[in-house]
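What follows is each chain in one-letter form.
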Amino acid sequence: MQPGRPFVISLVLLALAAALAAALAATLGFLHIPLKEVGAVFSAQLLQQPVPADIDATTVSVLTNVRLPRILAALLIGGSLAICGAVFQAVLLNPLADPYTLGISTGAAFGASLVIVLQIFGLALPTAISVPVFAFLGGMGTLALVLYLAAGDSRLSSTTLILAGVIVSAILSAAIGFFKFLADEQVGIIIFWLMGSLAGVSWGQLQMLAPVTLLGALLLCTFGRDLNIMTAGDRAAASLGVSTQRLRLMLVCVCSLLTALAVSVSGIIGFVGLIVPHLLRHLSGPDNRVLLPYCFFAGALLLLTADTLTRAVLPSEVPIGVLTALLGGPFFCFLFKKRQRHGSAF
């Protein structure tokens, strides 16, 4: 049975909430901008018309060159990480799986840091292309290694997967630490990838991030029914015409690409892909046809809220990756202990 009218209404309301949060976020910051002026500037930019003459040029510059790219990046990256977390959990039948806990984010950061070090030592590489490519290869390699280490456990339990992720992340973190040593005076560039930040996001980065993220998320949503069938096991899925191995590989590759792109723009932002799917699964149920679209908009709303908090509310800006880790770490511990008490059913 297809999701009905309540699902569509809820999805529209969630999208409107994200849009409203984006509009309110644009008003906040060191320079307070009235919501009316925000709407006027955005409308003029969207319709490619002149900005009203009564709006200060500084206001227009702040909105179009600083806040709007950052807000759009928060929406896209938050949605991307959340929907990837939901897919990883569905593919691995493990609610503790996400790009961060499985080490995918660290692997992508390792690849991006490697490019930076190579550039420091004089290897000419186009940053706009090499960083996403190396981040993707790092994320894919990390996932392959994690699954290889966990393959000895036929149940692929949560403990085994998380332990494998911790081991690989520790090795990659040590390698990134060595890169920081080699970077010497330019170590701050690599630290960016470890702490995560949306400051300095450019329109050029969004031109690559936006189409890939939206198309990738749309593609993942189309496989909600197949993900539901996969929960019944490989044999049952095959009898219903779903090639689980091929589908699993394709979905993992898409999620790794989206994660790599997110890391290449923002650095490591953890636990969004763990918290959002888990909470929504309790609210909306396990149907991935409903869960995946919900996760995209809810993840976008969560990361935008967190970024606005660090940018405009706190006395000084805290790296967004640090904030999400501080919030997500205790949640992960709670979820881990809960599964120990009540078993490991998905």
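Residues numbered from 1 in each chain as written. Predicted model: local features only at pLDDT ≥ 70, side-chain atom pairs only at ≥ 80, totals over all residues. Heavy atoms only, no water.

Visitor: So what's going on with the packing of helix 8 (residues 203–222) against helix 11 (residues 244–266)? Residues and values would help.
Guide: Where helix 8 meets helix 11, the axes come as close as 10 Å, and the angle between the chain directions of the two elements is 155°. By the angle class used here, helix 8 and helix 11 are roughly antiparallel. Where helix 8 crosses over helix 11, the two elements pack in a sense that is left-handed. Counting all contacts with helix 8, which are made through Gln205, Met208, Leu209, Val212, Thr213, Gly216, Ala217, Leu219 and Leu220, the residues of helix 11 involved are Met250, Leu251, Val254, Cys255, Leu257, Leu258, Leu261, Ala262, Ser264 and Val265. Tallied by class, the residues present in the contact of helix 8 with helix 11 amount to 15 nonpolar, 4 polar and no charged. (Axes fitted to C-alpha atoms, helices over the stretch in contact; angles between N-to-C directions. Helix = DSSP H or I, 4+ residues; strand = E, 2+ residues; numbered from the N terminus. Parallel < 35°, antiparallel > 145°, perpendicular 65-115°, else oblique. Left-handed = near helix turned anticlockwise from the far one by under 90°. Contact = heavy atoms within 4.5 Å. Nonpolar A, V, L, I, M, F, W, Y, C, P; charged D, E, K, R; others polar.)

Visitor: Please give an account of the nonpolar core that cites residues and values.
Guide: Ile77 and Leu102 are the most contacted members of the largest nonpolar core, which has 77 residues in total. A per-element tally of this core places helix 3 (residues 57–92) first, with 18 residues. Among all residues touching isoleucine 77, those that are not within four sequence positions of it are Leu198, Leu209, Ala262, Val265, Ser266, Ile269 and Leu303. By size, the runner-up hydrophobic cluster in this structure holds 12 residues, among which are Ala108, Ile190, Ala260 and Val263. (Core = buried A, V, L, I, M, F, W, Y, C linked by side-chain atoms within 4.5 Å. Buried < 20%, exposed > 50% of the residue type's maximum accessible area, 1.4 Å probe, protein only.)

Visitor: With reference to specific residues and values, describe the side chain of serine 80.
Guide: In this fold, serine 80 is placed in helix 3. Not counting the four nearest positions on each side in its chain, serine 80 is found in contact with Thr213, Leu258 and Phe296.

Visitor: Before we move on, could you go through helix 12 (residues 272–284) and cite the residues and values that matter?
Guide: Residues spaced three or four apart along an α-helix face the same direction, because each turn holds 3.6 residues. A rise of 1.5 Å per residue sets the reference length of helix 12, with its 13 residues, at 18 Å; its end C-alpha atoms lie 18 Å apart and thus fit the reference within 8%. Among the residues making up helix 12, those that are buried are Val272, Gly273, Leu274, Ile275, Val276, Pro277, His278, Leu280 and Arg281. Directly after helix 12, the chain includes glycine 285, whose backbone phi takes a positive value near 95°. (Expected span 1.5 Å × (residues − 1).)

Visitor: Describe the packing of aromatic side chains, listing the residues and the values that go with them.
Guide: For the coordinates displayed, the defined rule picks out 4 aromatic pairs. Where phenylalanine 296 meets phenylalanine 297, the ring centres are 5.6 Å apart and the plane angle is 90°; that geometry is what we call edge-to-face. On the basis of relative accessible area, phenylalanine 297 is assigned to the partly exposed category, the value being 26%. (Phe/Tyr/Trp six-rings, centres within 6.5 Å; stacked < 30°, edge-to-face > 60°.)

Visitor: Now, about the pattern of salt bridges: what can you tell me, with residues and values included?
Guide: Applying the stated criterion across every chain yields a total of 3 salt bridges. Among the ionic pairs, aspartate 307 bridges to arginine 70, the shortest N-O distance being 2.9 Å. Residue aspartate 307 is located in helix 13 (residues 288–313), and its partner arginine 70 is located in helix 3; the two are separated by 237 residues in the primary sequence. For aspartate 307, a relative accessible area of 2% corresponds to the buried category. (Salt bridge = Lys/Arg side-chain N within 4 Å of Asp/Glu carboxyl O.)

Visitor: Report on the environment of proline 3, specifying residues and quantitative values.
Guide: Relative to the elements of secondary structure, proline 3 occurs in the segment before helix 1 (5–27). Residue classification places proline 3 among the partly exposed residues on the basis of a relative accessible area of 25%. The spatial distance from the C-alpha of proline 3 to the C-alpha of isoleucine 167 is 40 Å, given a sequence separation of 164 residues. Setting aside chain neighbours within four positions, we find proline 3 in contact with Arg289 and Val290.

Visitor: Mind laying out the side chain of threonine 27, listing which residues take part and the relevant values?
Guide: With respect to the element layout, threonine 27 can be found in helix 1. On the basis of relative accessible area, threonine 27 is assigned to the buried category, the value being 7%. For threonine 27, the residues in contact, after removing those within four places along its chain, are His32, Ile33, Pro34, Leu35, Val38 and Arg67.

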